[in-house]
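# Structural overview
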Amino acid sequence: VDAEGVLGSFREHLAAYLNPIEPPSGRQVVVFPGVGGMAGSGLFQLFRSDLTARSVASGSSLFHGKIGDGRAHFNERFGLHEWRDHRTGRVCPFDMEGTVRDPLDLAIVADGTVCGVAASKRDAERYGLPATGTAVGDIGTLPTSGFGRFGVAPTVDRLSDALDGDGALLVWFVSGSDCTRTGDIALPVAVALVLDANGRPVGRVPGFTLTGNLFEVFGADYLGATRQRIDPFSDEPFLIARMTVQG
């Protein structure tokens, strides 16, 4: 690890944090540092809740009628998978029922089409669905259907490539999230930095709320995900999309 490079990155972020900037409003390019964690996890809440065996079998899923229909309901550059390949990241290769898939990763959205459902062995038998090696749970409890760690398909090498000469808002901390049965998302952002066209932080804006619809954020408003990692200690990419900023 380049210690001086890491320290330089820390100093750059701290300097930006201490430089208050007037908040933008309306449609903005937004960058999420990672798919999970304190910033990006709220974006994927509906994929986790509505692509489980029970939700799909009961017909209550937001994706009802869309799974496996061969149509691109999202941007064709958007790919989402449950990440199990331990050769490409710090993930466990088996689920809570001990299932090891081949291939290890499970495609959930591929080329914009919805193709994957979380179904444990028990739920697969109960609801008449294929088992997909997606059992989750804690020690001492029965495994249930659910996704582990998500991964996204990279579309660009570096963050600056996705920004295409424009700046953006880097969302560092989201204090909760909310979503509706039509796919509308609201994310109350507590900490956000302003990025220049090269993806470097230059200032901090006050808290705001991000809004958008799932099928738009990952559809026409989706700008991609990077091969570049958010820092030398992480295997998480940057994810970039357009959303609406409300003060």
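Above: the structure in question.
Described below are features of the structure shown in this document. Quick caveat: nothing in here was measured; it's all calculated off a predicted structure. (Residues numbered from 1 in each chain as written. Predicted model: local features only at pLDDT ≥ 70, side-chain atom pairs only at ≥ 80, totals over all residues. Heavy atoms only, no water.)

### Some points on the nonpolar core
So the rule is basically this: Put simply, buried Ala, Val, Leu, Ile, Met, Phe, Trp, Tyr and Cys residues joined by side-chain atoms within 4.5 Å make one nonpolar core. Note on exposure labels: buried denotes an accessible area under 20% of the residue type's maximum, exposed denotes more than 50%, and partly exposed covers the range between, all computed with a 1.4 Å probe on protein chains only. Put simply, DSSP marks the helices as runs of H or I at least four residues long and the strands as runs of E at least two long, and each gets a number from the N terminus on. By the convention used here, residues are in contact when the closest approach between their heavy atoms is within 4.5 Å.
Phe44, Phe47 and Phe218 are the most contacted members of the largest nonpolar core, which has 43 residues in total. With five residues, the top contributor of residues to this core is strand E10 (residues 184–195). Those residues in contact with Phe218 that sit more than four places away from it in its chain are Leu43, Phe44, Phe47, Phe74, Asn75, Phe78 and Leu239. Core analysis: the next-biggest nonpolar cluster, separate from the first, contains 14 residues, Val156, Leu163, Leu170 and Leu193 among them.

### Quick word on the pairing of strand E14 (residues 237–246)
Heads up, the condition is: The pairing criterion is simple: DSSP has to find at least two bridges between the two strands.
With seven of 10 residues buried, E14 is to be regarded as a mostly interior element. Direction of pairing for strand E1 (residues 26–33) relative to E14: antiparallel, over a ladder of eight bridges. Within the sheet, the bridge partner assigned to Val29 lies in E14 and is Arg242. Where strand E12 (residues 208–213) meets E14, three bridges bridge the pair, whose relative direction is antiparallel. Residue pairing in the sheet places Thr211 in a bridge with Thr244 of E14. Summarising the sheet, strand E13 (residues 222–229) and E14 pair through four bridges and their orientation is antiparallel.

### Quick look at the pattern of salt bridges
Spelled out, the test is: Take a side-chain nitrogen of Lys or Arg and a carboxyl oxygen of Asp or Glu: if they are within 4 Å of each other, that pair is a salt bridge.
Evaluated as defined, the whole model comprises 10 salt bridges. Close ionic contact of Glu12 with Arg200 constitutes a salt bridge, the shortest N to O distance being 2.5 Å. Placement of the pair is Glu12 in helix H1 (residues 3–17) and Arg200 in the loop between E10 and strand E11 (201–205), with a sequence separation of 188 residues. Residue classification places Glu12 among the partly exposed positions, given a relative accessible area of 22%. For Arg200, a relative accessible area of 43% puts it in the partly exposed group. The closest approach of N and O atoms between Asp157 and Arg227, which form a salt bridge, is 3.0 Å.

### A word on a nonpolar patch on the surface
How we decide: Nonpolar side chains (Val, Leu, Ile, Met, Phe, Trp, Tyr) are joined into patches within 5 Å and like charges within 9 Å, using only residues with over 30% relative accessible area and no salt bridge. Method for areas: the Shrake-Rupley scheme with a 1.4 Å probe, in which residue coverage is limited to the protein chains shown.
Where nonpolar side chains cluster on the molecular surface, the patch consists of Leu7, Phe10 and Phe233 and spans about 310 Å² of accessible area. As for its placement among the helices and strands, Leu7 is situated in helix H1.

### Observations concerning the sheet that holds strand E3 (residues 106–110)
If you trace the four strands from one edge of the open sheet to the other, you get E4-E3-E2-E7, paired in antiparallel fashion. On the outer flanks of this sheet lie strand E4 (113–114) and strand E7 (150–152), each paired with one strand and no other. Strand direction decides the pairing type here: E3 and E4, joined by two bridges, are antiparallel. Note that in E4 the partner of Val109 across the bridge is Val114.

### Thoughts on the pairing of strand E8 (residues 168–174)
For E8, a buried count of five out of seven residues is recorded, marking the element as mostly surrounded by other parts of the structure. Two strands pair when backbone bridges link them, and E1 and E8 are joined in this way by two bridges, in the parallel orientation. Counterpart to Val30 in the pairing with E8 is Leu169. Bridge count between E8 and E10: six bridges; the pairing is antiparallel.

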